[in-house]
Amino acid sequence: MAKPKVAIFSMACCAGCALQIVNLEEKILDLVGAVDVVEWQEGLSEKSGGNYDIAIIEGSVITEKEAEELKEIRKTAKIVIAIGACAHTGGINCLGNHISVEEKKSIVYGNDAEKIDGLKDAIQPRPLSAVIKINATVPGCPINKNELVEAVKCLLLGKAFRLPNYPVCFECALKENGCLFDLNIVCLGPITRAGCEAACPSMNKECNGCRGWIDDPNQNAAKDILEKYGLNIEDMKNKFTLFNSYIKEGE
Amino acid sequence: MHNNKDMKIHVENVTRVEGHGIIDIEIKNGEVTKCLWKIPETARYFEAMVRGRRYDEIAGITSRVCGICSIGHHTASQKATENAFGITISPQTEKFRKLLMHAENFQSHILHTLYLVLPDLLGMKSVVEVAMACSNETKIVTRLHGLGNEMSALIGGRTTHPITSILGGFTKLPSEKELEDMRKKLLASLNDYFAVVELLEKLATKIPIFTRETEYISLKDNTDYAILNGNLYSSDNGFYSNTVYRNVMNEFCVPHSTAKFTKNTRDSFMVGALARFNNNHDTLRPLALKVAEKLELKAPCHNPFMNSVAQVIEIAHSIEDSIFLIQEILDEGIQKEHLKDIYNRADSAIKAGEGIGIVEVPRGLLIHNYKYDEKGLVIEANCVIPTNMNHWNIQYDLEKLIPELLKQGKTKEEIQLTCEMNVRAYDPCISCSVHEMRLVNMDWK
């Protein structure tokens, strides 16, 4: 039986999620044994051009050209997995979406903006799902590499890959961490989707919401926590915009 | 006989580099009529992202400029904010930060030299091919890479985008036992490292011989191989004050690139491992100097292809210096601070002002510069990235390299490969270089 063909693509991002694939270290050799990595610009020389069983894509869409490339990948890939906050929610890339594209160009390049070819088709940054249909998402900034391996396994076996639908607080409590709210630190654990193994709070650093909302965030519970500690809901909302600033057009 | 008088080479995009870059060459009647190193990568406008954000979020935002040197960005950013607020860090924090920088340098250099450059030297297309053909060597390489990552995670809380390092200190430190274990692992890793050096020694003849003298810019600290502290230093012009970095960088735009380019007193300058080696080799740890001798790298070296060799030498320095740093920390005993005090250090220091943070990351000099308002919100930001500094140097290399290759009677395929190898030697991180922030009307007093 032919090995499944996997391609890895980078849109606009820091490339840190694809790096987590390299960070599988010895396990990457098993992966290379189980699947055929046919396209990966940053890791390989070959370009294969299509018919992927799985396309793994990191990054946001921030130009017309990228949007077209993404649609082409979709046409030729059976399964598309969005990895990382940039692909999932638009992530950090959308932090400046309250400023128009033209204004951003002018802030960054001044009068030179007009003459630079690569800036002509810039659009407001958006997640992959704003352009194409996604079959599975591995959230986070960066992704939890174990979760990606799990997703690839499930999808290759034809099973659905499901993300946990409970907040980071659950995982944090399981680890018996102290609560950062006790130090008057606003933590996004109560409203953010788990699956990161409470990476940040376990290091005494507040959750920054990089994995996005849980399906039905119990905002009242979050409000109760804030009230209990005398903290401001605006602080929490503002903090959450760090990775969750993207607003669909028309909303 | 092949005809190398007329050819077009268009590589879009150069593989085994981070991000998107294009080589565009045209040769007519044996003359180079077009030679361009183009950066079409899409701009991400980080300046717009950080504007109005709070001081304690900035390192976490700007580390997302680059996943490969996230620790460097995070640290440069913290230094800039601490500089603006007048926060000083303890000697212990300084040591842990340096360990974190070493871990990233180590990891990134392994990634570049062994995953991305080695296939060229072996005449192979990718690390996957290398993995199939040389499984023992590949195991050594993944083990070393893994150790670099393990060290990043031990100090920073995870391999990419550090968690524990905040303004003024660390939210969590490893235990003495964990540090001692890491010290032992670093010592043990030297066997793997020496195997890598042996391998490279055998392949050294595959590195193209090419010379183009340029200006080499790095941080310099007279007593230490500078990565975390020091002042700007040019091989042509000596020391500069860090506060005048803009006059050294002289950023400018060209139509074919979204990345900004830089130059100082020559047409271009180079940053990175080779620049550091040329400027600071006398402060390398003894083991690194021995490896330099073995791999026949002598300062000053004007062959940019030797940047990868300089990186291998720096790996030895990072391993040895880390072993010493851990020993010092253990001898002094880890000083624990109350979490609230660490968080308070920045909260109680907020003031309007401006700060600069400069560090050496795997690819070279990295500069962060912010202006804050009295609430600690960013008004303006600027960040100058090593890959940007090197883009123009790559351009000038290619302009000298291609006519030389033509004279040597090289085929189109050979010329293309050598040009790609030239780009790869710089270990460019193109996503980084189009992060794009800009300094707007920042007045220095």
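Predicted, not measured: the structure shown is a model, and the values here were computed from it.

Caption draft 1: Fine view of the overall build of chain A. The number of helices and strands found in chain A is nine helices and seven strands. Once the C-alpha set of chain A is aligned to its principal axes, its extents read approximately 55 × 55 × 30 Å. When the 251 residues of chain A are sorted by exposure, 48% land in the buried category.

Caption draft 2: Structural context of the overall build of chain B. When helices and strands are counted, chain B shows 15 helices and twelve strands. For 445 residues, the compact-globule estimate of 2.2 N^0.38 gives 22 Å, and the C-alpha radius of gyration of chain B, at 22 Å, lies within 12% of that figure. The principal-axis extent of the C-alpha atoms belonging to chain B is close to 75 × 50 × 35 Å. For chain B, buried positions account for 56% of its 445 residues. In chain B, of all internal contacts separated by at least 6 residues, the share reaching a separation of at least 24 is 73%.

Caption draft 3: Examining the packing of helix α7 (residues 176–203) of chain B against helix α11 (residues 307–332) of chain B more closely. All names here are of chain B. Two elements in contact, α7 and α11, have axes whose closest approach is 10 Å; the angle formed by their N-to-C orientations is 160°. Put simply, α7 runs roughly antiparallel to α11. Regarding α7 and α11, the two cross each other, and that crossing is left-handed. When its residues are assigned to classes, the contact of α7 with α11 shows 17 nonpolar, three polar and three charged.

Caption draft 4: Looking closely at the nonpolar core. In this structure, A55(A), I57(A), I81(A), I83(A), I217(B) and I313(B) are the most contacted members of the largest nonpolar core, which totals 193 residues. Of the residues forming this core, the biggest block, 13 residues, is contributed by helix α4 (residues 91–121) of chain B. In this structure, this core is formed jointly by two domains, domain 1 (5–156) and domain 2 (168–240) of chain A, each of which donates at least three residues. Among all residues touching I83(A), those that are not within four sequence positions of it are C17(A), I56(A), I57(A), E58(A), V138(A), I143(A) and L148(A).

Caption draft 5: Region of interest: the domain arrangement of chain A. Domain annotation for chain A reports domain 1 (5–156) and domain 2 (168–240). In this assembly, eight residues from domain 1 of chain A lie in contact with seven residues from domain 2 of chain A.

Caption draft 6: Layout of the interface of chain B and chain A. The partner chain A presents 51 residues to the 55 residues of chain B that form the contact. Elements with a minimum of two residues in the side of chain B that touches chain A: α1 (46–50), α2 (55–62), α4, α5 (127–133), α6 (135–156) and α12 (339–347) of chain B. Broken down by element, the residue count for the side of chain B that touches chain A peaks at five residues, all from α6(B). Here the residues of the side of chain B that touches chain A are counted per class, giving 21 nonpolar, 22 polar and twelve charged.

Caption draft 7: Just the confidence of the model for chain A, in detail. Taken over all residues, the pLDDT of chain A has a mean of 88, while the share at 70 or more is 93%. The lowest-confidence element of chain A is helix α2 (residues 26–34) of chain A, averaging 71 in pLDDT; the highest-confidence one is helix α4 (residues 84–88) of chain A, averaging 98.

Caption draft 8: Just the sheet that holds strand β11 (residues 364–372) of chain B, in detail. Residues and elements named next belong to chain B. Overall, antiparallel pairing links the three strands, which are arranged β10-β11-β12 in an open sheet. At either margin of the open sheet sits one strand with a lone partner, and together these are β10 (353–361) and β12 (378–384). Going from strand to strand, the sheet's axes swing by 10° on average, the running direction of each strand aside. Looking at chain direction, β11 and β12 are connected through six bridges and run antiparallel. Pairing of I367 across the sheet is with V384, part of β12. Along the sheet face, helix α13 (residues 386–407) touches β10, β11 and β12 and points at about 130° away from the line of β11.

Caption draft 9: Structural context of the sheet that holds strand β2 (residues 36–40) of chain A. Residues and elements named next belong to chain A. Reading across from one edge, β2-β1-β3-β5-β7 is the order of the five strands in this open sheet, with parallel pairing throughout. Looking at which strands have only one partner, the edges of the open sheet turn out to be β2 and β7 (136–138). Sheet twist, expressed as the mean angle between neighbouring strand axes with direction ignored, is 25°. As defined by bridge partners, strand β5 (residues 77–83) adjoins β7 across three bridges and the pair is classed as parallel. Opposite I83, over in β7, you have V138 as the bridge partner. Relative to β5, helix α3 (residues 64–76) is tilted by about 130°, and along the sheet it contacts β1 (5–10), β3 (52–58) and β5. Each of β3, β5 and β7 is contacted by helix α6 (residues 145–156), which is oriented at about 165° to β7, the strand it contacts most.

Caption draft 10: Spotlight on the environment of K95(B). Residue and element names in this part refer to chain B. If you trace the backbone, K95 turns up in helix α4. Residue classification places K95 among the partly exposed residues on the basis of 18 C-beta atoms within 10 Å. Sequence separation between K95 and E332 is 237 residues; the distance between their C-alpha atoms is 12 Å.

Caption draft 11: Region of the structure containing the pairing of strand β6 (residues 215–220) of chain B. Residue and element names in this part refer to chain B. Where burial is concerned, most of β6 is hidden: six out of the six residues are buried. Inspection of the sheet shows β6 paired to strand β9 (residues 269–270) by two bridges, in the parallel sense. Residue pairing for β9: E215 is matched across the bridge by F269. When β6 meets strand β7 (residues 231–234), the two strands line up antiparallel, connected through four bridges. The residue of β7 that forms the bridge with I217 is S234.

Caption draft 12: Spotlight on the environment of V65(B). Assignment of secondary structure puts V65(B) in the loop between α2 and α3 (70–85). The class of V65(B) is buried, set by 30 C-beta atoms lying within 10 Å.

Caption draft 13: Local environment of the pairing of strand β2 (residues 22–28) of chain B. Residues and elements named next belong to chain B. Alternating residues of β2 divide into I23, I25 and I27, all buried, and I22, D24, E26 and K28, none buried. Examined bridge by bridge, strand β1 (residues 7–12) and β2 share six bridges and lie antiparallel to one another. Paired with K8 across the strands is E26, a residue of β2. Direction of pairing for β2 relative to strand β3 (residues 31–38): antiparallel, over a ladder of seven bridges. The residue of β3 that forms the bridge with E26 is K34. Adjacent in sequence and paired antiparallel, β2 and β3 are bridged by two residues, among which N29 carries a positive phi angle near 50°.

Caption draft 14: Representation of unusual backbone geometry. The residue after C141(A), namely P142(A), is reached through a cis peptide bond having omega -5°. Along the chain, P142(A) falls in the loop between β7 and α6. Looking along the chain, the bond that leaves A299(B) and enters P300(B) is cis, with omega of -5°. A positive phi is found at Y45(B), a non-glycine position, where the angle reads about 55°. Inspection of the secondary structure puts Y45(B) in the loop between β3 and α1. Phi angles above zero are rare outside glycine, and H161(B) is one such case at about 60°. Looking at where H161(B) falls in the secondary structure, it is placed in the loop between α6 and β4 (165–166).

Reading the values: the criteria
Residues numbered from 1 in each chain as written. Chains lettered and ligands numbered in written order. Predicted model: local features only at pLDDT ≥ 70, side-chain atom pairs only at ≥ 80, totals over all residues. Helix = DSSP H or I, 4+ residues; strand = E, 2+ residues; numbered from the N terminus. Buried ≥ 20, exposed ≤ 12 C-beta atoms within 10 Å, placed from the backbone. Rg over C-alpha atoms; globule rule 2.2 N^0.38 Å. Contact = placed C-beta atoms within 7 Å. Axes fitted to C-alpha atoms, helices over the stretch in contact; angles between N-to-C directions. Parallel < 35°, antiparallel > 145°, perpendicular 65-115°, else oblique. Left-handed = near helix turned anticlockwise from the far one by under 90°. Nonpolar A, V, L, I, M, F, W, Y, C, P; charged D, E, K, R; others polar. Core = buried A, V, L, I, M, F, W, Y, C linked by C-beta atoms within 7 Å. Domains from an automatic or database assignment. pLDDT = per-residue confidence, 0-100. Pairing = 2+ DSSP bridges.

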